[in-house]
Amino acid sequence: MKKWFLVLLLMGLVLHLGGMLPSEAAKELKVAVAGPFTGSAAAFGEMIERGAKLKADEINAAGGIHGMTLTLVFEDDAGKDGEASLVAERIATNREILAVVGHFNSACSLAGKPIYKRAGIVELSPGSTNVNVCKGSDWTFRNLYRDDFQGQFIAKYIKNVLPELQNVAVFFDNDDYGRGLADAFTAEAKAVGLNLVASEAYDRDNTDFKAQLTSIKAKNPDGIFISGLYGQAALIAKQAREAGITARFFGADGVDSPDFLKIAGPAAEGTYLTTPFLFGLGNEEAQVVADNFEAAYGVAPDTWAALSYDAVGMIAAAIEATYSKKAALKQNRKAIRDYLASLDTQEEGYKGITGLTYFDKNGDTLNKPAYVKIVKDGEFTAAPQQLLNLDALE
Amino acid sequence: MAQFLEQLINGLVLGGIYALIAVGYTMVYGIIQLINFAHGEIFMFGAYFSFVLVAVLQVPFWVALPICMLLCAGMGVAMDIIAYRPLRKAPRLSALITAIGMSLALQNLARIIWGARQRTFPEESIPVIFLSENAIPLPGGADLPYRDLFIILFAAVLMILLNRLIYLTKIGKAMRACAQNPVAANLMGIQTNRVIAVAFAIGSALGAVAGVMVGLREVIEPTMGYYKGVAAFAAAVLGGIGNVTGAMIGGLLIGLAEVLGAGYISSGYRLAIAYIIMIAVILIRPSGLFGKTTGTRA
């Protein structure tokens, strides 16, 4: 009995050591995709997983990268920063993983940042918009806009497109994403001359918002900017209507999920959202991807599927350009970073379905516009008025 | 004034829900000194049961509510028999760790069965009187939705019934006897295990009611038991854990403190305010508002 156990143990050890040899890794190239596959942002996670998988499948169907298969390793951070640290640690110490697509939630990207930096592995986020996500680390990138831009944009949009809304309120999720976005909105709202009548916070785990909504209602705002994620935003919209609030709702990319419509029901009607990408306004290639996505999964892709699709594409392009079988893991990881960092001008940028992506010295993408969606008859549609050229305004 | 009235209603509804959950913690603790961390999950299952019955199987709401209570009561008793009864003589810490394990297991079970996404009742499956637009207008422009009124009244009625049960019936007497001294109670011919099972059943049935109410008002998700459970546990501690009246009052106080704190002090510190009040009370009266001050039984 004991002898058998020892034999098994030895066998396990040999297999384990075998897995660490570089020759084993030569058949596949592994990239981690870290996101909220469970928890209160699970609907985002599903889209990220599918978008990323679609791109990897396309690459592999076309012969892979240098004849090797691109394998995605999905790691669930549940949308929580504590969980994200554990995931980041696991990824960083996995000697087969070359780069990370993720995390999605800003708090998670921030939690992973020091760990990825120390390990020297790229973190390319398809969803984190908090201003600080890419600051202070050469290893962190993102392929969408930042909250300072998004928050300002919403305030400008209200001012320029909906002049009948004078008094606005902010109701924000008390985390990195919600607070950062609310701050940017608040500053710009004041700058363009909107009246900010109320500013209330909520906790992500909460599901009863009546207390704050009653306070907001007393201030009688014309518009409420809900700075948070779709699940809470949907409940807020619903409970606000129940409390007799008639104001128009605004949300940012965190609200951009079909689950917002499902949970909020009729209360979602008329809500304006900003989003980094709209398939309806995308190029031909985007339409092809949308069709393929729908054929594969039976649902239409959303913004996050598109950004994840592009993020995997960028990492794949970086691996294609730099990967060397002979090089050590550390060098291969570094080469991916250097490649991404070199995409710093319009000419060098990566052409994906969400448009051109290129980075500033932080790793931020500053050129991408915000699109505006509106909920009409229970569906998201492109708002009749877009403000794609903000600089032309003032 | 209208605003204050509305906040008061918000607080009473939340407090009523906390009270219903807190009773489950306190009844079990009173008899076997076990903090049943999985109680929040029973509450969550109550919400899911009602969702399945009403939204999927099309059972009328008023039939579904007692079925949910029965199902959860059964679940509570089963949990006691499977997880806690074998540990009755083991060190208290073993049972406590088992309770945490139960909580995690049930939460993940719900995630496997129903998925991680949030669910709400379809509007057409909710009784018409519970739709939010049906409300009693109060002076000053505030509204009292029938649904909220029902939650407050129903919670109050259940609490009074429970109180009567504990002080006027034979099983109530047996419960009080077990709480005082289980060994002596057993020697007097009281079947302790049966009494404990009844405590689990009643606590779980009340938790189910809270789950259905929260499902109606808010949203149903696998993690809902944690957030509400922790607050309700704080309520039980505030009231003096082991004391049923204390749990009711504690629930109301925490609910009111949370809502009024968020409404008038700072919404960012919503639960923190409620917990600060709890800590302050515990500092002054370590056994809670209604707890016995004679120290805990060994």
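Residues numbered from 1 in each chain as written. Chains lettered and ligands numbered in written order. Predicted model: local features only at pLDDT ≥ 70, side-chain atom pairs only at ≥ 80, totals over all residues.

Caption draft 1: Focus on the overall build of chain A. If you tally the helices and strands in chain A, you get 13 helices and 14 strands. In terms of overall size, chain A behaves like a compact globule, its C-alpha atoms giving a radius of gyration of 22 Å where 394 residues would be expected to give roughly 21 Å. Expressed as a percentage of the 394 residues in chain A, the buried residues total 55%. The long-range fraction of contacts in chain A, counting pairs at least 24 apart against all pairs at least 6 apart in sequence, stands at 69%. (Helix = DSSP H or I, 4+ residues; strand = E, 2+ residues; numbered from the N terminus. Rg over C-alpha atoms; globule rule 2.2 N^0.38 Å. Buried ≥ 20, exposed ≤ 12 C-beta atoms within 10 Å, placed from the backbone. Contact = placed C-beta atoms within 7 Å.)

Caption draft 2: View of the overall build of chain B. Scanning chain B from terminus to terminus reveals 11 helices and two strands. Reading the secondary structure of chain B in the N-to-C direction produces α-α-α-α-β-β-α-α-α-α-α-α-α. Taking 2.2 N^0.38 as the reference for a compact globule, 298 residues should give roughly 19 Å; the C-alpha atoms of chain B span a radius of gyration of 19 Å, in line with that estimate. Dimensions of chain B, computed from the C-alpha atoms along their principal axes, are close to 60 × 45 × 35 Å. The buried share of chain B, taken over its 298 residues, is 52%. Residue pairs at least 24 apart in sequence account for 73% of intrachain contacts in chain B once pairs closer than 6 positions are excluded.

Caption draft 3: Spotlight on the interface of chain B and chain A. Tallying the contact residues gives 24 residues for chain B and 26 residues for chain A. When contributions to the side of chain B that touches chain A are tallied by element, the ones reaching two or more residues are helix 1 (2-32), helix 9 (224-239), helix 10 (244-264) and helix 11 (270-284) of chain B. Take the side of chain B that touches chain A: its biggest share by element is five residues, from helix 1 of chain B.

Caption draft 4: Local environment of the domain arrangement of chain A. Residues and elements named next belong to chain A. When the domains of chain A are assigned, the result is domain 1 (2-145 + 282-357) and domain 2 (148-275 + 371-392). One C-alpha centre belongs to domain 1, the other to domain 2, and the line joining them spans 31 Å. In this complex, domain 1 contributes 14 residues to the contact, which on the side of domain 2 involves 16 residues. Within the residue set of the side of domain 1 that touches domain 2, elements represented by two or more residues are helix 3 (42-61) and helix 5 (106-119). Per-element accounting of the side of domain 1 that touches domain 2 gives the leading share, three residues, to helix 5. Tallied by class, the residues present in the side of domain 1 that touches domain 2 amount to seven nonpolar, six polar and one charged. (Domains from an automatic or database assignment. Nonpolar A, V, L, I, M, F, W, Y, C, P; charged D, E, K, R; others polar.)

Caption draft 5: Broad picture of the confidence of the model for chain B. Residues and elements named next belong to chain B. The predicted model of chain B has a mean per-residue pLDDT of 90, with 98% of residues at 70 or higher. Counted against residues more than four places away or in other chains, residues 294-298, with its pLDDT under 50, gives zero contacts. At the level of chain-chain contacts, confidence expressed as ipTM amounts to 0.81, with global pTM at 0.82. (pLDDT = per-residue confidence, 0-100.)

Caption draft 6: Expanded view of the sheet that holds strand 2 (residues 69-76) of chain A. Residues and elements named next belong to chain A. Read across the open sheet, the five strands follow the order 2-1-3-4-5; overall the sheet is parallel. Each edge of the open sheet carries a strand with a single partner, namely strand 2 and strand 5 (140-142). Strand-to-strand twist of the sheet, defined as the mean angle between neighbouring strand axes without regard to direction, takes the value 25°. Where strand 1 (residues 28-35) lies against strand 3 (residues 97-101), four bridges are found, and the strand directions are parallel. (Pairing = 2+ DSSP bridges. Axes fitted to C-alpha atoms, helices over the stretch in contact; angles between N-to-C directions.)

Caption draft 7: View of the pairing of strand 1 of chain A. Burial analysis of strand 1 of chain A places six of its eight residues in the buried class, which makes it a mostly covered element. On the question of chirality, the crossover connecting strand 1 of chain A to the parallel strand 2 of chain A by way of helix 3 of chain A is right-handed. (Right-handed = clockwise from strand over helix to strand, strands pointing away.)

Caption draft 8: Spotlight on the pairing of strand 14 (residues 379-382) of chain A. Residue and element names in this part refer to chain A. Of the pairings in the sheet, the one linking strand 13 (residues 371-376) to strand 14 comprises four bridges and is antiparallel in character. Looking at the pairing, valine 375 lines up with phenylalanine 380 of strand 14. Between strand 13 and strand 14, which follow one another and run antiparallel, lie two residues, and aspartate 377 among them has a positive phi close to 50°.

Caption draft 9: Representation of the packing of helix 1 of chain B against helix 10 of chain B in the model. All names here are of chain B. Taken N-terminus to C-terminus, the directions of helix 1 and helix 10 make an angle of 145°; their axes are 6 Å apart at the nearest point. Handedness of the helix 1/helix 10 crossing: right-handed. Across the contact of helix 1 with helix 10, the residue classes tally to 15 nonpolar, 10 polar and one charged. (Left-handed = near helix turned anticlockwise from the far one by under 90°.)

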